[in-house]
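Each chain is listed here by its residues.
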Amino acid sequence: MNELSGWGRYPKIKTKELIPQSESELLEILRHSESYIPRGNGRSYGDSAINKNLTITMTHMNRFLQWNQESGELVAESGVLIADIIDTFLPRGWFPSVTPGTKFVTLGGAIACDVHGKNHHKDGSFGNFVNWIEICDSKNEVVKCSPYENSELFNWTIGGMGLTGVIIRCSIQLKKVESGWIKQQTVVNNNLKETLQSFYEYKETTYSVAWIDCLAKGKSFGRSILMLGEHAKKNEIDAKTAIYPKRKSKKITFPIDAPSFLLNNFTVLLFNKLYFNLNKSKKSSYVNWDNYFYPLDSIGDWNRMYGKNGFFQFQCVLPREVSEQGYAQILSIIQNKSSGTFLAVLKDFGSGNGYLSFPKEGLTLALDFKASQKNIEVGKELIDIVNSLGGNFYLAKDAIMNSSQFNN
């Protein structure tokens, strides 16, 4: 038995873990198993990819199978990491059409969670760029599904959290890019109303994400830094600069668990003021792909900064018409009842994929909380608020929701 957790390291669950090396080995495991869940690289924050009876980790089934340089179609096994795709195909001029905030997720996990990025308002989620999937279903049969073949299975698998079976391989569509650089523009928003309005003003920009100071009060309540981005063209890059830079090495690593008492409203308040002031003067710059899309990946084991008890993430989406009301209420509760969160990120969503997939039209807020009883109670209160406003929750991030709250 192994003790597994998601990236938040909360909760930790004992389970039998098996790691198949091939399709035949996987099928043999499934023939002798009644209850299981597939798992990728363990980067979901909560407990969604852990089954107490059996967890099947797919990271060793990680081969590229077919590539089309002209069209950008990639066929690969489900254990391939997005990082592997970028390392291999960015130098050839191709980049993931949609990527989450870490490159260390598997293709199978990206499909099962229907991950989203900073361009959802323009391009939708990962499932929009999946051509087909081969999945081992409940009958232990390998079935191919797509929008045109076994479409019901396909639609339930996109965002289905692994409940339809084990994804073995898939075909995805990459995006053609002229460089590995992002032309970034920062916009300072002085309060929540400005923050929400800025997403509408810049809705034609390909990438957008806002960091929110969740502890700012008074006239600065809900202030933020909105970061916009476009893929830079080749002729915009200095001739002496690498057109397709390689990924950055980890600059810092947390060797031990940080003392949990260091994260409190006072230290978070100081961090937020510093971060806001450092970024409010920036206007436009060229940022390499790794720093723009994956800033936390450069910090090794950054999940240890929350202490040995770990952390949990709360992510919801609210309909646009109630976003200002709902997020004002959520930020007020955080300020009055929790130990604060300095990783508060807001993004704009376009229309979703339906079925079990998380994204739907509106604005989504993601918050990291130290795993304490006080914060867990706050998280549950926030869930009730989102339910009352007709919102939705990201199951890939959840670690605290109960069945009655989910059913609401």
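Being a predicted model, the structure only gives us computed values, none of them experimental.

What counts and how
- Residues numbered from 1 in each chain as written.
- Predicted model: local features only at pLDDT ≥ 70, side-chain atom pairs only at ≥ 80, totals over all residues.
- Heavy atoms only, no water.
- Patch = residues over 30% accessible without salt bridge, like charges linked within 9 Å, V, L, I, M, F, W, Y side chains within 5 Å.
- Areas by Shrake-Rupley, 256 points an atom, 1.4 Å probe, with all protein chains shown as cover.
- Salt bridge = Lys/Arg side-chain N within 4 Å of Asp/Glu carboxyl O.
- Helix = DSSP H or I, 4+ residues; strand = E, 2+ residues; numbered from the N terminus.
- Phe/Tyr/Trp six-rings, centres within 6.5 Å; stacked < 30°, edge-to-face > 60°.
- Buried < 20%, exposed > 50% of the residue type's maximum accessible area, 1.4 Å probe, protein only.
- Core = buried A, V, L, I, M, F, W, Y, C linked by side-chain atoms within 4.5 Å.
- Contact = heavy atoms within 4.5 Å.
- Pairing = 2+ DSSP bridges.
- Polar contact = N/O pair within 3.5 Å; in protein donor to acceptor, adjacent residues only side chain to side chain.

Trainee: Account for a nonpolar patch on the surface, with residues named and values stated.
Mentor: A cluster of nonpolar residues, Trp156, Leu163, Tyr355 and Leu356, forms a patch on the protein surface that exposes about 410 Å² of accessible area. Within the secondary structure, Leu163 is located in the loop between helix H5 (151-157) and strand S11 (166-176).

Trainee: Which residues make up the packing of aromatic side chains, and what are the values?
Mentor: For any pair of aromatic rings, the description rests on two quantities: the centre-to-centre distance and the angle between the ring planes. A full pass over the atoms with the stated rule returns 21 aromatic pairs. Measuring from ring centre to ring centre gives 5.2 Å for Phe64 and Phe89, while their planes differ by 75 degrees; the resulting arrangement is edge-to-face. Note that Phe64 is positioned in strand S6 (residues 64-67) and Phe89 in helix H2 (residues 82-89), a separation of 25 residues in sequence. Residue class for Phe89 comes out buried when judged on its relative accessible area of 3%. Both rings, one in Phe312 and one in Phe369, keep their centres 5.4 Å apart while their planes meet at 25 degrees; by these two values the pair is stacked. With Phe312 in strand S18 (residues 311-318) and Phe369 in strand S20 (residues 362-370), this pair connects stretches of sequence that are 57 residues apart. Exposure class is identical for Phe312 and Phe369. Each is buried.

Trainee: How would you sum up the nonpolar core? Please name residues and give values.
Mentor: Formed by 40 residues in total, the largest nonpolar core has its most connected members in Phe314, Tyr327, Ile330, Leu346, Leu367 and Leu382. Those elements that provide at least two residues to this core are helix H6 (192-201), strand S13 (207-212), strand S14 (224-231), S18, helix H9 (323-337), strand S19 (344-349), S20 and helix H10 (373-388). Broken down by element, this core gets its largest block of residues, six residues, from H10. Non-local contacts of Leu382, meaning those with residues more than four positions away in its chain, are made with Phe314, Ile330, Ile333, Leu367 and Phe369. Residues Phe89, Val98, Phe126 and Phe358 belong to the second largest nonpolar core, which totals 29 residues.

Trainee: An account of the pairing of S13 is requested, with residue identities and associated values reported.
Mentor: Within S13, six of the six residues are buried, which leaves it mostly tucked inside the rest of the structure. Side chains Tyr207, Val209 and Trp211 project from S13 onto one buried face, and the interleaved Ser208, Ala210 and Ile212 project onto a second face that is buried too. Pairing analysis gives six bridges linking S13 to S14, with the strands arranged antiparallel. The residue bridging Ile212 from the neighbouring strand is Ser224, located in S14. Two strands pair when backbone bridges link them, and S13 and S19 are joined in this way by two bridges, in the antiparallel orientation. By the bridge assignment, Ala210 is partnered in S19 with Leu346.

Trainee: Please give an account of the side chain of Asn279 that cites residues and values.
Mentor: Summarising the element assignment, Asn279 is placed in helix H7 (residues 265-279). Of the residues examined, Asn279 reaches a relative accessible area of 10% and is grouped as buried. Within polar-contact distance, the side chain of Asn279 engages the backbone oxygen of Tyr275 at 2.8 Å. Apart from residues lying up to four places away in sequence, Asn279 is in contact with Thr186 and Ile225.

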